[in-house]
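Take a look at the letters that make up each chain.
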Amino acid sequence: MNIVLDRLEAMLPTQSAPEPGSPFADPHALRSWLGGLRLADRHFARMRLRDALREFNTLLMAPRQRLAMLETFELTAAALVDDVKNEVREFFPMSTQRVDEIRLADEIERELALGYGGVACGLAERSGTVPFLQRGCVAKALVRASACQKARLWLACRRLAAPPAGVWQGLHDLFGFSIACGCADRESILVQGGMRSSTRSIYIQALLLAFAKPNQFTQARNRQLHTSLPVLASWCEVRRGRAANGAIAVCSTSDMSPPAMPAEVWVDAGAEWTLDPRSLLAQLDTLVAGSHGQGEITLRALYGDGSATLAVDLVDALRRVWSGYTEREAPRSVGQAWLETEVGLSRVHSHLTGCQDLESASPLAGETSLPVAGWALHVPDRSEAKHACAEVMDCSRHGYRLRWKAGEDARARVGELIALAPMTRGERKWRYGALRWLRTQGDAAVEAGVELLSSPIPVAVYALDANGVSLAPVRGILVGASSDGKHANTQGILVPRPFARDVAGVEVLRIDETNVDTMPRAVRVTQFSAEDAGLYQKIVLPGEAIDRIVDREAGESGART
């Protein structure tokens, strides 16, 4: 306990008595100062608030008064920080302005965490014990300090970056302090959100988020995971000791972000903790088995009346990573090459079709014109495209690990399609894949994992209404099916979201770069489904229809079904 308390106190700045007339000397002066803060200029307001919190944390005052004034600070900070945490900007690398906003929000959360941690330290005895009558205030301070540290993790997750130094060690120590003083399960109301939570619950939520490997999910899935963490955590346990089979090991003396562990072979027995998600995984298995093909499940909290709605594809991914079934399938070798990259379905479609636009497709169902403006379907010429250059860090037969250096406008997102080609002066030979994970670095570089796609096929997809009239065509890419007729479980046509609603059928027209003068007949399908596939929607067709799209001769000679 003394070691944990010493580490928490070492993080606090040197404190001195406030000067006369300081706006942070008493609650009334603070409310007056915050009332004059110009919130219309959000960036300037964040800077002022961060500087005020830094000064406030250097002032000597009674712990209970500090706790009350920190609540006042946090009420003002909530809207300013929530703007940053909830804003949707998914392309990477982020703009310099966006990165600065997140860093400012992180610094505000850090100062709030230091302030609340200082309250807990100030109420503790030098021996490390907490008087019985002070435990309520200590529990409240520890809950809010832990919540601020968890908010810093979420901000780092938004950037797909490693959390700042001190975040994980701070979380470990705050939880260890709460265990030692007997208030780890004591709930308190959070200023941001108004929910009740405990230090144990927040600690488990942070561990679940880290072990979920959020850089492998789209930002939409990460937001869904983040809002569901309180319910998910209620089904998990965290306890001292070595991890048993099916549980996850945690080292409480390391500032490394889980699941990374210290390089030392020997770890102090007192630093070994276990996160046990087996009850959660069993519950998720039961719900998925009973979902009967539905796209979502609803998980109710083990205690309380909370519930969380999760997409089944997200649940499947979480079950794999929390169970530890994420081993690589193929060995990797160090790469020494540079690739030109273009990201996005439209660019991949353009390369696959030889830059044909959809207006070159023949009208369907006897129509004389397509109901769409030409400018909406125009595909820029290849010479207009700006290629971002990426270094191959390593590779396998399944894909690459790439790195775009600072200044390259990769426009990358998890789940996005990508075209890659060696940097040569002659004709480029393009390969195609999907971005499976992203990670940003301190120098604004972006790393990515690319899974190569086997023989993707460009198509035009026409949605048909009840009268058989086709709507405007959309670009699609058939994945998971090769020309030899073998179909993978992931086969389907990726199309932009949202796809047309309430359609009676679809017609799919393969676009072949090598035979631009001969257009095959479209394949009409009335039995199909449209599923969410990350950034896109996937149109799932019967195997017979896939065969006809893949095989040009069968597609031209067969009748429409």
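Rules and cut-offs
Residues numbered from 1 in each chain as written. Predicted model: local features only at pLDDT ≥ 70, side-chain atom pairs only at ≥ 80, totals over all residues. Heavy atoms only, no water. Helix = DSSP H or I, 4+ residues; strand = E, 2+ residues; numbered from the N terminus. Buried < 20%, exposed > 50% of the residue type's maximum accessible area, 1.4 Å probe, protein only. Contact = heavy atoms within 4.5 Å. 1 Å grid on protein atoms, 1.4 Å probe; cavity = no way out; pocket = protein on both sides within 12 Å on 5 of 7 lines; lining within 4 Å. Points joined across faces, edges and corners; volume = space filled by probe spheres on them. Nonpolar A, V, L, I, M, F, W, Y, C, P; charged D, E, K, R; others polar. Expected span 1.5 Å × (residues − 1). Bend = angle between axes of the 7 residues up to and from the residue. Arc of directions from axis to C-beta. Polar contact = N/O pair within 3.5 Å; in protein donor to acceptor, adjacent residues only side chain to side chain. Axes fitted to C-alpha atoms, helices over the stretch in contact; angles between N-to-C directions. Parallel < 35°, antiparallel > 145°, perpendicular 65-115°, else oblique. Left-handed = near helix turned anticlockwise from the far one by under 90°. Pairing = 2+ DSSP bridges. Core = buried A, V, L, I, M, F, W, Y, C linked by side-chain atoms within 4.5 Å. pLDDT = per-residue confidence, 0-100. Salt bridge = Lys/Arg side-chain N within 4 Å of Asp/Glu carboxyl O. Phe/Tyr/Trp six-rings, centres within 6.5 Å; stacked < 30°, edge-to-face > 60°.

1. Focus on the side chain of N215
Examined against the element boundaries, N215 turns out to sit in the loop between helix 8 (199–211) and helix 9 (219–233). Taking relative accessible area as the criterion, N215 reaches 17% and is therefore assigned buried. What N215 contacts, discounting residues up to four positions off in sequence, is L160, V414, R436, W437, L438 and R439.

2. Overview of the layout of surface pockets
In this structure, the second largest pocket spans a volume of roughly 1100 Å³. If you trace the second largest pocket, you find 41 residues lining it, with K150, L190, M195, Q205 and P230 closest to the centre. Going through the elements one at a time, helix 4 (63–86), helix 6 (135–159), strand 2 (196–197), helix 8 and helix 9 are the ones with two or more residues in the lining of the second largest pocket. Counting residues per element, the lining of the second largest pocket draws most heavily on helix 6, which supplies 7 residues. Here the lining of the second largest pocket is built from residues that sort into 15 nonpolar, 13 polar and 13 charged.

3. Observations regarding helix 9
The end-to-end C-alpha distance of helix 9 is 21 Å, a good match for the 21 Å that 15 residues give at a rise of 1.5 Å each. At T227, helix 9 shows its strongest bend, of approximately 45°, with the proline P230 following within four residues. Most of helix 9 is tucked away: 11 of the 15 residues are buried.

4. Re helix 2 (residues 27–35)
Those residues of helix 2 not exposed but buried are A29, L30, W33 and L34. Considered in projection along helix 2, the buried side chains sweep an arc of 130° and stay on one side of the axis. With respect to the buried face of helix 2, the exposed residues turned more than 90 degrees away are H28, S32 and G35. The N-cap of helix 2, judged by a side-chain oxygen 3.1 Å from the amide nitrogen of H28 a few residues on, is D26.

5. Side note on the packing of helix 5 (residues 96–123) against helix 6
With their axes 8 Å apart at the nearest point, helix 5 and helix 6 run at an angle of 160° to one another. One element, helix 5, and the other, helix 6, form an angle in the roughly antiparallel class. The interaxial crossing formed by helix 5 with helix 6 has left-handed handedness. Across the contact of helix 5 with helix 6, the residue classes tally to 17 nonpolar, 2 polar and 9 charged.

6. What about the pairing of strand 15 (residues 474–481)?
For strand 15, the buried fraction is high: 6 of the 8 residues fall into the buried class. Pairing between strand 14 (residues 457–464) and strand 15: 5 bridges, direction antiparallel. Along strand 15, the bridge assignment pairs A460 with R475.

7. Quick notes on the sheet that holds strand 8 (residues 333–343)
Overall, antiparallel pairing links the 6 strands, which are arranged 8-9-10-13-12-11 in a closed barrel. Strand-to-strand, the axes of this sheet are offset by a mean angle of 45°, without reference to chain direction. The pairing of strand 11 (residues 417–422) with strand 12 (residues 431–440) spans 4 bridges and is classified as antiparallel. Residue pairing for strand 12: L417 is matched across the bridge by A434.

8. Quick notes on the nonpolar core
Residues F73, F177, L402 and W404 are the most contacted members of the largest nonpolar core, which totals 71 residues. With 11 residues, helix 5 is the largest single contributor of residues to this core. Listed in part, the 45 residues of the second largest apolar core include L225, V238, I248 and A301.

9. Notes on the environment of A308
Counting through the fold element by element, A308 comes out in strand 7 (residues 307–311). Measuring from C-alpha to C-alpha, the distance between A308 and L229 comes to 8.5 Å, with 79 residues separating the pair along the chain.

10. Regarding the confidence of the model for the chain
Mean pLDDT over the chain: 86, with 86% of residues reaching 70 or higher. Confidence, read as mean pLDDT per element, is least for helix 13 (residues 374–377) in the chain (37) and greatest for helix 8 (97). Predicted confidence is poor over residues 362–383, with pLDDT under 50, and the contacts of this stretch with residues over four places away or in other chains come to 47 contacts. This stretch, residues 552–561, has a pLDDT under 50; its non-local contacts, to residues over four places away or in other chains, come to 22 contacts.

11. As for the packing of helix 7 (residues 167–180) against helix 8
Two numbers describe how helix 7 lies on helix 8: the axes approach to 9 Å, and their chain directions differ by 150°. One element, helix 7, and the other, helix 8, form an angle in the roughly antiparallel class. As for the relative orientation of helix 7 and helix 8, their crossing is left-handed in sense. Between helix 7, through W168, L171, H172, L174, F175, S178 and I179, and helix 8, the contact on the second element is made entirely by T199, R200, Y203, A206, L207 and A210.

12. Details of the pattern of salt bridges
Per the counting criterion, the structure on display carries 29 salt bridges. The partner of E107 in a salt bridge is R54, and the shortest N-O contact between them spans 3.8 Å. Here E107 is found in helix 5, whereas its partner R54 is found in helix 3 (residues 42–56), with 53 residues between them in sequence. Since its relative accessible area comes to 24%, E107 is described here as partly exposed.

13. Regarding the sheet that holds strand 4 (residues 248–251)
Taken together, 3 strands build an open sheet; the order of strands is 3-5-4 and the sheet is antiparallel. This sheet does not close on itself; its edge strands, each paired only once, are strand 3 (237–240) and strand 4. Strand-to-strand twist across the sheet, computed as the mean angle between neighbouring axes with direction ignored, equals 30°. Both strand 4 and strand 5 (residues 272–276) contribute to a ladder of 4 bridges, which runs antiparallel. In the sheet register, I248 faces strand 5, and the bridge partner there is L275.

14. A look at the packing of aromatic side chains
Taken as a whole, this structure holds 5 aromatic pairs when the rule is applied. Judged by centre distance (6.2 Å) and plane angle (40°), the ring pair of F24 and F73 falls under tilted. Of this pair, F24 sits in the loop between helix 1 (2–10) and helix 2 while F73 sits in helix 4, placing them 49 residues apart in sequence. Across the pair, exposure class does not vary: F24 and F73 are buried alike. Residues F175 and W273 carry aromatic rings whose centres are separated by 5.4 Å and whose planes lie at 65° to one another, so their mutual orientation is edge-to-face. Of this pair, F175 sits in helix 7 while W273 sits in strand 5, and the two are 98 residues apart along the sequence. Note on W273: relative accessible area 6%, which makes it buried. A network of ring pairs unites the aromatic residues F24, W33, F56 and F73 as a single cluster.

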